[in-house]
Amino acid sequence: MKKALITGITGQDGSYLSEWLLGQGYEVHGIVRRVAIEDPDHRMWRIRHLLPRLQLHSASLESYASLFQVLARVQPDECYHLAAQSFVSYSFEDEFSTLNTNINGTHHLLASLKEVAPRCRFYFAASSEMFGKVRETPQTEATPFHPRSAYGISKVAGFDLTRNYREAYGLKATSGILYNHESPRRGYEFVTRKITSHVAKIKFGLADKLPLGNLEAKRDWGHARDYVRAMWLMLQQDQPDDYVVATGQTWSVQQFVELAFACVDLDWRDHVVSDPRFFRPAEVHLLLGDASKARRQLGWAPSCSFQELVEEMVVDDLERLSDSPAGRPAAAAPRPTVSLVAAMDAGAR
Ligand code: F7E
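Below, the structure is looked at part by part. (Residues numbered from 1 in each chain as written. Predicted model: local features only at pLDDT ≥ 70, side-chain atom pairs only at ≥ 80, totals over all residues. Heavy atoms only, no water.)

### Things to note about the overall build of the protein
Helix and strand content of the protein: 12 helices and 14 strands. For 349 residues, the compact-globule estimate of 2.2 N^0.38 gives 20 Å, and the C-alpha radius of gyration of the protein, at 20 Å, lies within 12% of that figure. Considering only C-alpha atoms, the protein reaches an extent of 60 × 50 × 40 Å along its principal axes. Working note: accessible area of the protein is about 14,900 Å², and carbon and sulfur atoms make up 50% of it. Each charge class in the protein can be summarised by its mean position, and for the 40 positive and 42 negative side chains these summaries are 3 Å apart. (Helix = DSSP H or I, 4+ residues; strand = E, 2+ residues; numbered from the N terminus. Rg over C-alpha atoms; globule rule 2.2 N^0.38 Å. Areas by Shrake-Rupley, 256 points an atom, 1.4 Å probe, with all protein chains shown as cover. Lys, Arg positive; Asp, Glu negative; His and termini not counted. Charge placed at Lys NZ, Arg CZ, Asp CG, Glu CD.)

Shown next as structure tokens:
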């Protein structure tokens, strides 16, 4: 049985990837922060249905020793590095922690792998944010980077580290340059989920206004479930490489808003208000990916259209609200089985 280790297993992508890997017969291990273990109801809602089938390990991206120990113990065949400070806006508020966590975390993992599991295949979650102020449209694996935030800079550094460990030490280290990917499991701070959760609240009369920033920004939005399949396909190749993963279509934030409100027969203009707090000091205006290499070499293609994605998210948020009138408490998550690398974890965030 193949063993996979996932950092960021409690996040949107980690949860879909765990489902996919369990379905493929893998033994799935995850690295989680101690705060998640102490508060599983709140922090593990995306993987609560999987908890009995997962093996979780407490470690911190900031602690080389804790990652080293987990890797030495698990000896994974595949390692998916998804954990990061991934909210671009926040990276303007705290550049330092974003750079520290994202760059050092990737470095710590690669350096540990080199020592204790050099044959393990490694996936790095790179990002279309690396293209930032785009030099060409659509972007491919050959498009130069021009990041516009500490987050984007940290991903360029992670990408370079991954390539360097591949070239210098022969690690089977691959980067997926993933464009925005969303789902009903998306965090509420990201614009898509913010929109669909507000649409549901407004429909139920629990809110009236939706404050937003730049409506003109354009993104290439896909479904997270499709994108984790691409991650896995990348690690099934004999040679490590870098791949763009995108739908090849771009839509503005306003188009997302229009569609989401249309799903519940409301006019977005009655509810959306412009709020300067949600504009960024440096914006990425347009992203559009060319995933021909992934199609050609991995046989990957997205299965979910933009319209289907928006509708699924709105419907899910409507159901969540109607299922929990006045905050009916959800069932408690089962207690996870955790192996603690606690002594090493003193610096955990
Ligand atoms: O913003 C605009 C905002 O925060 C999308 C992450 O997964 O994808 C994601 O990064 C756009 C931006 O995602 C609001 O200015 C307007 O142009 O949903 P977002 P993101 O920054 O594109 C990439 C690929 C990643 O790697 C990242 O980790 O929407 N926008 N008004 C707003 N955005 C937010 N969050 N909130 C607003 O009110």
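### Overview of the site of the ligand
Looking at the ligand, there are 24 residues lining it, with Ser86, Ser127, Tyr151, Arg280 and Glu283 nearest. Within the side chain of Arg186, a nitrogen or oxygen atom sits 2.9 Å from an oxygen atom of the ligand. Between the ligand and Arg280, the relevant distance is 2.6 Å, taken from an oxygen atom to a side-chain nitrogen or oxygen of the residue. When the ligand sits alone it has 700 Å² of accessible area, and the protein chains cover 96% of it. A class-by-class count of the residues in the shell around the ligand yields 11 nonpolar, 6 polar and 7 charged. Looking at which domains feed residues into the shell around the ligand, each of domain 1 (3-127 + 157-177) and domain 2 (188-218 + 251-280 + 305-345) gives three or more. (Near = heavy atom within 4 Å. Polar contact = N/O pair within 3.5 Å; in protein donor to acceptor, adjacent residues only side chain to side chain. Nonpolar A, V, L, I, M, F, W, Y, C, P; charged D, E, K, R; others polar. Domains from an automatic or database assignment.)

### Considerations on the side chain of Glu283
Summarising the element assignment, Glu283 is placed in the loop between strand S13 (272-274) and helix H11 (292-298). When its relative accessible area of 13% is taken as the criterion, Glu283 is described as buried. A polar atom in the side chain of Glu283 sits 3.1 Å from the side chain of Asn214. Discounting chain neighbours no more than four positions away, the residues touching Glu283 are Arg148, Asn214, Ala217 and Arg219. (Buried < 20%, exposed > 50% of the residue type's maximum accessible area, 1.4 Å probe, protein only. Contact = heavy atoms within 4.5 Å.)

### Concerning the packing of helix H1 (residues 12-23) against helix H9 (residues 224-235)
Axis angle and axis distance: for two packed helices, these are the angle between their axes and the distance between the axes, and together they describe the pair. Close contact between H1 and H9 brings their axes to 9 Å; oriented N to C, the two are set at 65 degrees. Here the hand of the crossing between H1 and H9 comes out right-handed. Seen from H1, the contacting residues are Gln12, Asp13, Tyr16, Leu17, Trp20 and Leu21; seen from H9, they are Ala224, Arg225, Val228, Arg229, Met231 and Trp232. Of the residues assigned to the contact of H1 with H9, the class counts are 8 nonpolar, 1 polar and 3 charged. (Axes fitted to C-alpha atoms, helices over the stretch in contact; angles between N-to-C directions. Left-handed = near helix turned anticlockwise from the far one by under 90°.)

### Brief notes about empty space enclosed by the protein
Scanning all chains against the criterion turns up 1 cavity of 30 Å³ or more. Roughly 40 Å³ of internal volume is contained in the largest cavity. What lines the largest cavity is simply Arg121, Lys172, Thr174, Met234, Leu235, Gln237, Gln239 and Pro240. Per-class residue counts for the lining of the largest cavity are 3 nonpolar, 3 polar and 2 charged. (1 Å grid on protein atoms, 1.4 Å probe; cavity = no way out; pocket = protein on both sides within 12 Å on 5 of 7 lines; lining within 4 Å. Points joined across faces, edges and corners; volume = space filled by probe spheres on them.)

### Notes on the environment of Ser305
If you trace the backbone, Ser305 turns up in the loop between H11 and helix H12 (306-323). Taking the C-alpha atoms as reference points, Ser305 and His107, separated by 198 residues in sequence, lie 36 Å from one another.

### Notes on the nonpolar core
Leu21, Tyr80, Tyr123 and Trp300 are the most contacted members of the largest nonpolar core, which has 72 residues in total. It is H9 that provides the largest number of residues to this core, a total of 9 residues. Other than its neighbours up to four places away in sequence, Tyr123 contacts Cys79, Tyr80, His81, Leu82, Thr174, Ser175, Gly176, Leu178, Met231, Met234 and Leu235. Counting residues in each nonpolar core, the second largest holds 23 residues, with Trp251, Val253, Val264 and Val314 among its members. (Core = buried A, V, L, I, M, F, W, Y, C linked by side-chain atoms within 4.5 Å.)

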